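Here's the letter readout for the chains.
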Amino acid sequence: MIHLYIKTICVVLLAFLSRSLSAVFHKLDSNGEPGFNKVSKSLVVENELLCSRACVKTAECDIIAFNTVNHTCIIGSNTTEITFTPSSIGTAWRVYELQCDPPMVKYRHSCYYRSKIGRQWLPSKLECEAMGAHLLVVTDTEENDFIYNVLFRDEPNFEIFTGGFRLMEESTYQWITGEPWTFANWNPLEPSLAVWDTGESEECVCITGQWNWTDIPCNQTRMFVCEF
Ligand SMILES: [Ca+2]
């Protein structure tokens, strides 16, 4: 009974967290039609929350504009100040910028959040999603170096879950965001796809300070990193 009670509170809390616009998107003063340096895509979505989610899933996005009248969502990035052109529907635009308040760290177009405690892989994934983020996706050497040299600079023995996983019947790994698996930094004998004596098989990708990347059973407990 108490278990059910706690579960209900968690579900309500998650629903509440998922409804509000993610904490990393800060509203900018806007007046007119926003112009970005680089538009990644323009789409029509129901609300600005979904617009922010589309941005988080896009590698080169740290700014969004949502039009509350026609529901246009523009996602992209900016290196200089945004320009606003006066227009008849100008007041309908809401513009938000990705800002990584400490302890989050910004790198390129993403904010990185380190978990406070360790969890199994699935609860880690859910915690990131409840924040409007996703489990860490590492797309190239530079981002991998950032993880080692900046995010965990003083912790050579760190071990974290990432958003890399494989389906039980498959031997190849994939990212939780659906981004192509184009880069990996496996330890020489990994991924081992091993099956433990306990019957658990290694299906989740863990980044370690000592042994590069390795696969481990998803029900192991590790710290994790969420990426916005
Ligand atoms: Ca392994």
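Residues numbered from 1 in each chain as written. Predicted model: local features only at pLDDT ≥ 70, side-chain atom pairs only at ≥ 80, totals over all residues.

1. Notes on the overall build of the chain
No. 1: Of the regular secondary structure elements, the chain holds 4 helices and 15 strands.
No. 2: Burial analysis of the chain (228 residues in total) assigns 32% to the buried set.
No. 3: Restricting to contacts in the chain with at least 6 residues of sequence separation, those with at least 24 account for 70%. (Helix = DSSP H or I, 4+ residues; strand = E, 2+ residues; numbered from the N terminus. Buried ≥ 20, exposed ≤ 12 C-beta atoms within 10 Å, placed from the backbone. Contact = placed C-beta atoms within 7 Å.)

2. Remarks on the nonpolar core
No. 1: Judged by nonpolar contacts, the single largest core of 46 residues is most densely connected at I64 and C204.
No. 2: Contacts of C204, omitting those with residues within four sequence positions, involve W121, F161, F165, D215, I216 and C218. (Core = buried A, V, L, I, M, F, W, Y, C linked by C-beta atoms within 7 Å.)

3. Description of the pairing of strand β13 (residues 202-208)
No. 1: Among the 7 residues that make up β13, 6 are buried, leaving the element largely enclosed by the rest of the structure.
No. 2: Pairing geometry for strand β11 (residues 159-165) and β13, over 4 bridges, is antiparallel. Its bridge partner being in β13, I160 is matched across the sheet by I207.
No. 3: Pairing geometry for β13 and strand β14 (residues 212-217), over 6 bridges, is antiparallel. Paired with C206 across the strands is T214, a residue of β14.
No. 4: Hairpin geometry of β13 and β14 is characterised by an intervening segment of 3 residues between the two adjacent antiparallel strands. (Pairing = 2+ DSSP bridges.)

4. A look at the sheet that holds strand β1 (residues 25-28)
Each strand in a sheet pairs with its neighbour through backbone hydrogen bonds, running either in the same direction (parallel) or in the opposite one (antiparallel).
No. 1: One open sheet holds the 5 strands; their spatial order is β1-β7-β4-β5-β3, and the pairing between them is antiparallel. Either end of the sheet is taken by a strand with one partner, and the two such strands are β1 and β3 (38-44). In this sheet, adjacent strand axes meet at a mean angle of 25° when their direction is disregarded.
No. 2: Pairing between β3 and strand β5 (residues 72-77): 6 bridges, direction antiparallel. Of the residues in β5, the one forming a bridge with V39 is G76. (Axes fitted to C-alpha atoms, helices over the stretch in contact; angles between N-to-C directions.)

5. As for the environment of N219
No. 1: Here N219 shows up in the loop between β14 and β15 (223-227).
No. 2: Distance from N219 to E203, taken between C-alpha atoms, is 9.6 Å for residues 16 residues apart in sequence.
No. 3: Once residues lying within four places of it in the same chain are set aside, the contact partners of N219 are Q120 and E200.

6. A short note on the environment of G164
No. 1: With respect to the helices and strands, the residue G164 is situated in strand β11.
No. 2: Along the backbone, G164 and W181 are 17 residues apart, and their C-alpha atoms lie at a distance of 8.9 Å.
No. 3: G164 has contacts with Y173, W175 and V205, leaving out every residue within four places of it along the chain.

7. What to know about unusual backbone geometry
No. 1: That bond from P102 to P103 is cis: its omega, 10°, falls within 30 degrees of zero.
No. 2: Tracing the chain through its elements places P103 in the loop between β7 (93-98) and β8 (105-107).
No. 3: Here the amide bond leading from E190 into P191 is cis, since omega sits at -5°, within 30 degrees of zero.
No. 4: Assignment of secondary structure puts P191 in the loop between β12 (174-175) and β13.
No. 5: Even without glycine at this site, L193 takes up a positive phi of about 50°.
No. 6: Mapped onto the secondary structure, L193 falls in the loop between β12 and β13.
No. 7: Its identity as a non-glycine residue notwithstanding, N212 has a phi of 55°, on the positive side.
No. 8: Here N212 lies in strand β14.

8. Notes on the confidence of the model for the chain
No. 1: Predicted confidence across the chain gives a mean pLDDT of 89, with 90% of residues reaching 70 or more.
No. 2: Here helix α1 (residues 2-19) stands out as the least confident element of the chain, with mean pLDDT 53; β11 is the most confident, with 98. (pLDDT = per-residue confidence, 0-100.)

9. Remarks on the environment of G209
No. 1: Mapped onto the secondary structure, G209 falls in the loop between β13 and β14.
No. 2: We classify G209 as partly exposed; it has 14 C-beta atoms within 10 Å.
No. 3: Once the C-alpha coordinates of G209 and E155 are considered, the two residues, 54 residues apart in sequence, prove to be 7.5 Å apart.
No. 4: Those residues in contact with G209 that lie beyond four places of it in its chain are F152, E155, P156, N157 and F158.

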